[in-house]
Amino acid sequence: PAGADFFSRVGKRGTPGHTRGRGNTSRGDDNNDVYNTVWYTIPKLKNIAHPDILVKDPSEPKRIITGCARSKYLITRHYNMKFSRTFLSLIATSPAATAFMASPSPRTLSSSSLLSSPAPFFSSDISQALDKELSYQPGKADTPFAKKYGHLAGAQIRTVAEAFSAFTDMLGTPINALYKGICTDLVGSLHLIVVNARFNPNAIFSLGLVSSLSLVLKNYPEQETAKKIKSAMIESVGLNEAEIDAEAAMLEEWAKGKTKEEISSALRGEGDSPLAEIAKVAKGDEWWMYSKFFGIGLVRLMEIVGVEQDMSVAYDVMEEWVGKCLEKPYYTACSDSDLYFKTKGKLDMMETMMKEIEIREKKRMADRLEAKAEAAIRAAEKAAKLQDEIDKEAAKEAEKETVA
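Residues numbered from 1 in each chain as written. Predicted model: local features only at pLDDT ≥ 70, side-chain atom pairs only at ≥ 80, totals over all residues. Heavy atoms only, no water.

Two elements in contact, helix α7 (residues 223-236) and helix α8 (residues 241-255), have axes whose closest approach is 9 Å; the angle formed by their N-to-C orientations is 105 degrees. One element, α7, and the other, α8, form an angle in the roughly perpendicular class. For the pair α7 and α8, the contacting residues are K230, S231, I234 and E235 in the first and E241, I244 and D245 in the second. Here the contact of α7 with α8 is built from residues that sort into two nonpolar, one polar and four charged. (Axes fitted to C-alpha atoms, helices over the stretch in contact; angles between N-to-C directions. Helix = DSSP H or I, 4+ residues; strand = E, 2+ residues; numbered from the N terminus. Parallel < 35°, antiparallel > 145°, perpendicular 65-115°, else oblique. Contact = heavy atoms within 4.5 Å. Nonpolar A, V, L, I, M, F, W, Y, C, P; charged D, E, K, R; others polar.)

Below, the discussion takes up the packing of helix α11 (residues 292-305) against helix α13 (residues 331-403). Between two packed helices, both the angle of their axes relative to each other and the distance between the axes serve to describe the pair. The interhelical angle for the contact between α11 and α13, taken along N-to-C directions, is 70 degrees, at an axis separation of 9 Å. With respect to α13, the axis of α11 lies roughly perpendicular. Handedness of the α11/α13 crossing: right-handed. Side by side, α11 and α13 meet where K292, I296 and V299 of the first sit next to D336, S337, Y340 and F341 of the second. (Left-handed = near helix turned anticlockwise from the far one by under 90°.)

This next bit is on the pattern of salt bridges. Throughout the structure, instances matching the rule amount to 15 salt bridges. Between K227 and E224 there is a salt bridge; the shortest N-O distance is 4.0 Å. Of this pair, K227 and E224 both sit in helix α7, three residues apart, which is roughly one turn of that helix. On the basis of relative accessible area, K227 is assigned to the exposed category, the value being 53%. A cluster of three or more residues bridged by salt bridges with shared partners is formed by E252, R300 and E303. (Salt bridge = Lys/Arg side-chain N within 4 Å of Asp/Glu carboxyl O. Buried < 20%, exposed > 50% of the residue type's maximum accessible area, 1.4 Å probe, protein only.)

The next point concerns the environment of K218. Among the structural elements, K218 can be located in the loop between α6 (203-217) and α7. For K218, a relative accessible area of 42% corresponds to the partly exposed category. Placed 133 residues apart in sequence, K218 and E351 show a C-alpha to C-alpha distance of 9.1 Å.

To continue, consider a negative patch on the surface. Residues D388, E389, D391, E393, E397 and E401 make up a contiguous surface patch of negative charge. Assignment of secondary structure puts D391 in helix α13. (Patch = residues over 30% accessible without salt bridge, like charges linked within 9 Å, V, L, I, M, F, W, Y side chains within 5 Å. Areas by Shrake-Rupley, 256 points an atom, 1.4 Å probe, with all protein chains shown as cover. Lys, Arg positive; Asp, Glu negative; His and termini not counted. Charge placed at Lys NZ, Arg CZ, Asp CG, Glu CD.)

Structure (structure tokens):
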């Protein structure tokens, strides 16, 4: 813990562990094992906010120096260097040491940008090295990613709450209780995809989005409300519903009559089809971003070209199309494919349940109407009998008056 005067623990084969207790610097049973590690917390740094600079016993051939700089960063580096306690005390009192800030628990070790730094972390001038590493500015790194997207550093990004608020205002009507959860998930996930700087909409994404919404809302009790939900969901995240529908229809129409092999060829970038153009853009972009609606669009293409709609079959096809044809990581796409079929199965079950409920309700309504009809018939018969009796009584009274 921060501020401790002395703490040591002995670990076998380079792994900190096997705590021997406070103040015990024993090297274990095997004194010849060069991998035994003795860790010390430097007392001189106890006044710095949450310091945790750990140094391996200098008698070992390998020295492990761990420093904590900034909150949530605990850097572990290996150097063949010798550091004396006097030198480390000077480090603790140097101006650069004030750059250290609160760190997480010493038990948690994570890497930082120092691990990938081209210059050694501990150089002849450690103050200069620390200042260099701690002078990080968002979007100013000398990397291809920062050069491409660095201009977006500090940009105001629309929040999920704002997207939900826009969706509610555009819809203007309550959502059926059975659909609230899935609509909430769709709005949130779609918003987070769209606001990502790497997001690049295309026809496959549009086809997947339209297919998802059609699958979810096809059995919505009020279809007019379902149309409003779809429009509000797309418009609330800044997309154009007409463009999304047009791109999805175009790609769906192009895929009709095609085979799985033709789709694979197009996804390799062969030809000049709309799908091939999308593949060329994806393969040429190092930072191309996959989204789950892109994966669902590929599943929809599988359905159009006649691929069996089974989870295991779709997994293999997705691996081929994304991994081999597009040359992109395919694990997330395969996982989304599995999730799509699981969700589709649940929605099919819900559809069956709703149809059964509808059938039962119609049967009950028919029974109620039949009961009402029977009651009306009985009432009519009773009224007819009563009328006959009245007529008979009237006839008798008339006959008596005639005799008199």
